[in-house]
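Residues per chain are reported as follows:
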Amino acid sequence: MTKYDASSIKILEGLEAVRKRPGMYIGSTDKKGLHHLVWEIVDNSIDEIINGYGDTIKITLNKDDSITISDNGRGVPIGMHASGKSTPEVIYTVLHAGGKFESDGYKVSGGLHGVGASVVNALSSWMDVTIFTEGIVSNIRFSNGGSVEKPLTKIGETRKTGTSVTFKPDYEMFKNSSFSFTTIAERMQESAFLLPQLTIEIEDIPDEKAVIYHYENGLINFVEYINENKKTLHKVIHFGGSKNEIEVSIAMQYSESYNENILSFVNNVKTGDGGSHEVGFKTGITKAFNDYAKSNGIIKGKDSNLDGSDVREGLSAVISLKIPEKLLQFEGQTKGKLGTPEARSITESITYESLKFFLEENKEVALLILDKALKSKVAREAARKAREAARKGTGKNSKERVLSEKLAKATGKDYSKNELFLVEGDSAGGSAKTYRNRETQAILPLRGKVLNCEKASSHDIESNAELKQIEYAIGAGLGANFDISESNYGKVIIMTDADVDGSHIQILLITFFYRFMRPLIENGMLYIATPPLYSIEMGTKKKEYIATDEELEEKKKEIKGNYKIQRFKGLGEMNADELYETTMDPNNRRLLRVNLTDAAIAEKRIHLLMGDQVEPRKEWINENVDFTLEDDFRK
Ligand code: 1YM
């Protein structure tokens with residue numbers, strides 16, 4: 001029997017607050033929130049290892065949808081706490097009891113980290129903690145959101161040390177979510193790259209999958225991984241240094257590709273929106289290359305400088321900073337952007353000095369990279385001239401006429417309300433043109449497959465008719481010169497047949513936008529239309545449209561009496577009014593928003609997707625496209 005004294009009632013009230021407003025503690029109760037529980041416990045293991053105790057973390061997805069996280073650190077202390085409770089009981093039931101970390105010099109206070117293991121306990125059906133320390137194995141168990149089911153008990157003797165936490169999230173709160181091996185593995189792989197001393201094992205028992213990550217060469221291995229499938233120009237360059245308690249470590253490598261891929265971390269937490277350290281890095285490389293090019297006569301007196309986008313074409317880089325708590329500043333809605341001003345100047349000077357030295361010492365590599373940057377500069381200047389000419393000419397030259405002939409423009413002048421439909425095939429394009437809302441909806445039919453942009457340069461786009469038309473229609477430029485404020489549309493909607501070819505076209509277009517108009521995706525302006533697969537007519541009732549095979553099966557069960565089903569093999573099989581009503585009409589349609597939050601992962605996936613297999617493509621679309629009604633994000 002547990003005795004309820006004043007302090008235990010207070011604790012339960014604390015945990016109850018977490019259960020009442022889980023969002024305040026873990027952000028949300030969707031898939032992301034569910035995984036926050038894991039990061040919360042794993043962070044404790046990582047802190048222990050960073051402090052020099054232990055080297056291995058093991059994560060196991062169990063058959064009953066619980067998860068086990070263990071490490072070989074010192075083990076959570078098992079002594080009695082001043083309150084008369086055992087230390088583990090305090091850590092797992094008192095809010096913010098994990099606060100010892102907050103005084104640690106390098107613990108990040110931005111974001112949702114460090115809210116403590118008690119939050120995880122509060123949101124779990126049960127939690128079981130086994131501790132190996134002082135020669136003893138101890139166990140404590142909680143249930144129903146943090147009530148002590150079994151106080152700390154000695155259950156054996158041991159020579160090892162460490163902590164093992166198993167918990168089963170309260171799936172009443174995390175409805176329709178489950179742990180994802182991929183999500184956990186991707187995040188843990190990142191930690192393994194950032195902490196070379198660490199080994200991480202992940203096992204999925206129901207799915208019989210397992211991986212082990214360990215990277216002796218840290219950031220160098222990270223960049224090698226990002227560039228795995230690319231033709232690289234040189235070995236990974238690695239440098240670092242520290243000043244005023246800020247430590248900087250950077251690895252970078254150029255490949256033959258045209259994409260820029262810069263990832264940054266502060267205290268081992270990703271800064272997804274960049275910030276002062278990224279700005280410093282970019283300024284540093286631009287200066288170093290321009291200085292080198294000038295002092296070696298590659299750029300002469302009257303020539304213009306290379307700009308930042310030129311020296312970043314084909315660059316993959318990982319930037320990792322350690323910043324003491326007192327200097328940390330984060331910005332932006334999700335606190336994913338580093339504000340700390342000192343980080344900019346320190347990263348810039350370390351980058352500039354190190355790279356300058358490297359270039360002097362490695363002439364051949366320097367010339368290879370500069371050759372590439374100079375080509376980018378030439379293409380950039382040519383593209384700008386062409387665009388300026390196109391804008392001034394307003395459709396007078398023959399090229400412009402060809403470009404504008406296929407596009408049925410919207411008449412409305414409020415660009416943010418206008419929508420551009422990219423439609424597969426001329427016949428569906430024709431239907432869409434007749435039955436659209438002329439004020440707000442523009443139609444651009446696409447003939448056949450667009451260019452695979454995985455390896456294309458801005459120059460290749462300029463010479464590809466299909467993509468050139470899209471660029472012209474949107475009117476905001478390309479690549480480094482893309483300016484979202486110039487966009488002629490608030491939404492760009494890809495409308496293809498609901499078949500394999502259609503999904504291939506979707507991916508090709510997404511790849512194009514990802515490579516050359518990324519802000520369009522980042523601002524949630526790229527969508528996929530979802531034409532129905534079937535229509536069903538029942539007796540005298542109105543025709544109904546059905547989106548998926550599953551829905552059709554459901555419907556068939558419901559109906560009594562006669563019915564007639566039509567399967568739409570493509571957009572072209574619908575009447576023009578039908579196409580409008582089901583797929584284009586803002587009052588009826590369902591749009592999927594393309595959502596690529598993690599650039600490095602998107603990069604890898606896009607690579608994978610450009611192969612010939614259909615299944616990974618479908619899976620990818622399912623995972624990366626939000627199935628949300630557009631109304632949800634109009635707000
Ligand atoms: C699977 C989760 O929590 N490991 C872990 C936690 C702690 C320690 C070691 C630890 C820390 C310290 C001293 C210290 C924690 N200790 C505390 C507290 N793995 C996991 N491993 N001895 C052991 O920082 O001084 C909270 S967490 F508060 F008791 F020190």
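How each quantity is defined
Residues numbered from 1 in each chain as written. Predicted model: local features only at pLDDT ≥ 70, side-chain atom pairs only at ≥ 80, totals over all residues. Heavy atoms only, no water. Helix = DSSP H or I, 4+ residues; strand = E, 2+ residues; numbered from the N terminus. Buried < 20%, exposed > 50% of the residue type's maximum accessible area, 1.4 Å probe, protein only. Contact = heavy atoms within 4.5 Å. Areas by Shrake-Rupley, 256 points an atom, 1.4 Å probe, with all protein chains shown as cover. Polar contact = N/O pair within 3.5 Å; in protein donor to acceptor, adjacent residues only side chain to side chain. Axes fitted to C-alpha atoms, helices over the stretch in contact; angles between N-to-C directions. Parallel < 35°, antiparallel > 145°, perpendicular 65-115°, else oblique. Left-handed = near helix turned anticlockwise from the far one by under 90°. Nonpolar A, V, L, I, M, F, W, Y, C, P; charged D, E, K, R; others polar. Pairing = 2+ DSSP bridges. Core = buried A, V, L, I, M, F, W, Y, C linked by side-chain atoms within 4.5 Å. Lys, Arg positive; Asp, Glu negative; His and termini not counted. Salt bridge = Lys/Arg side-chain N within 4 Å of Asp/Glu carboxyl O. pLDDT = per-residue confidence, 0-100.

(A) A look at the overall build of the protein. For the protein, the helix and strand inventory stands at 21 helices and 24 strands. Split into buried and exposed, the 635 residues of the protein put 51% on the buried side. Across the protein, the fraction of contacts at a sequence separation of at least 24, relative to all contacts at a separation of at least 6, is 68%. Accessible area for the protein stands at about 30,100 Å²; split by element, carbon and sulfur atoms hold 49% of it.

(B) Spotlight on the side chain of Glu-424. The topology assignment puts Glu-424 in strand S16 (residues 419–424). By relative accessible area, which is 17% here, Glu-424 ends up buried. A polar atom in the side chain of Glu-424 sits 2.8 Å from the backbone nitrogen of Asp-497. Not counting the four nearest positions on each side in its chain, Glu-424 is found in contact with Leu-446, Met-495, Thr-496, Asp-497, Asp-501, Gly-502, Ile-505 and Leu-571.

(C) Representation of the packing of helix H15 (residues 465–474) against helix H16 (residues 500–516). Put simply, H15 and H16 touch, their axes get as near as 12 Å, and they point 55° apart. In this view, H15 runs oblique relative to H16, as classed from their interaxial angle. Relative to H16, H15 is oriented so that their crossing is right-handed. Taken together, the residues of H16 that come into contact with H15 (itself represented by Leu-467, Ile-470 and Ile-474) are Leu-509, Phe-512 and Phe-513. Taken together, the residues of the contact of H15 with H16 sort by class into six nonpolar, no polar and no charged.

(D) A look at the sheet that holds strand S22 (residues 564–567). Strand order in this open sheet of three strands is S21-S20-S22, and the pairing throughout is antiparallel. Edge strands, defined here as strands with exactly one partner in the open sheet, are strand S21 (544–546) and S22. Averaged over all adjacent pairs, the angle separating strand axes in this sheet is 25°, with direction ignored. Summarising the sheet, strand S20 (residues 534–537) and S22 pair through four bridges and their orientation is antiparallel. Looking at S22, one finds that Tyr-534 is bridged to Arg-567. Of the strands in this sheet, S20, S21 and S22 are in contact with helix H18 (residues 549–558), which crosses S21 at around 135°.

(E) Structural view of the nonpolar core. Core analysis: the biggest nonpolar cluster contains 57 residues, and Ile-59, Met-127, Phe-167, Ile-184 and Ile-202 have the highest contact counts within it. For this core, the element with the highest residue contribution is helix H3 (residues 31–50), accounting for eight residues. Excluding residues within four positions of it along the chain, Phe-167 makes contact with Leu-37, Val-38, Ile-41, Ser-66, Ile-67, Ile-69, Val-120, Ser-124, Trp-126, Met-127 and Phe-179. Phe-239, Met-252, Ala-288 and Leu-315 belong to the second largest nonpolar core, which has 40 residues in total.

(F) Geometry of the side chain of Glu-89. In this structure, Glu-89 sits in helix H4 (residues 87–93). Buried and unpaired, Glu-89 has Lys-85 as its nearest opposite-charge partner, separated by 4.7 Å. Not counting residues within four places of it along the chain, the set of residues in contact with Glu-89 comprises Val-94, Ile-140, Phe-142 and Val-148.

(G) Just the environment of Thr-153, in detail. Tracing the chain through its elements places Thr-153 in strand S5 (residues 147–157). Between the alpha carbons of Thr-153 and Thr-130 there is a distance of 9.6 Å; along the sequence they are 23 residues apart. A distance of 2.7 Å separates a polar atom in the side chain of Thr-153 from the backbone oxygen of Pro-151.

(H) View of the pairing of strand S10 (residues 246–254). A large share of S10 lies buried, amounting to seven of its nine residues. The pairing of strand S9 (residues 237–243) with S10 spans seven bridges and is antiparallel. Within S10, the residue paired with Ser-242 across the bridge is Glu-247. As consecutive antiparallel partners, S9 and S10 are separated by two residues, and within that stretch Asn-244 has a phi angle of approximately 45°, a positive value. Strand direction decides the pairing type here: S10 and strand S13 (residues 315–322), joined by eight bridges, are antiparallel. In the sheet register, Ser-249 faces S13, and the bridge partner there is Ser-320.

(I) Broad picture of the confidence of the model for the protein. Here the protein averages 86 in pLDDT, and 86% of its residues register 70 or above. Throughout residues 98–115 the model reports pLDDT below 50, and contacts reaching past four residues in sequence, or to other chains, amount to 46 contacts.

(J) The sheet that holds strand S11 (residues 261–266), seen in detail. Across the sheet, five strands lie side by side as S9-S10-S13-S11-S12; this open sheet has mixed pairing. Two strands lie at the open edges of the sheet, namely S9 and strand S12 (269–270), each paired on one side alone. Contacts between helix H7 (residues 218–226) and the sheet are confined to S9, S10, S11 and S13, with S13 contributing the most and set at about 150° to the helix.

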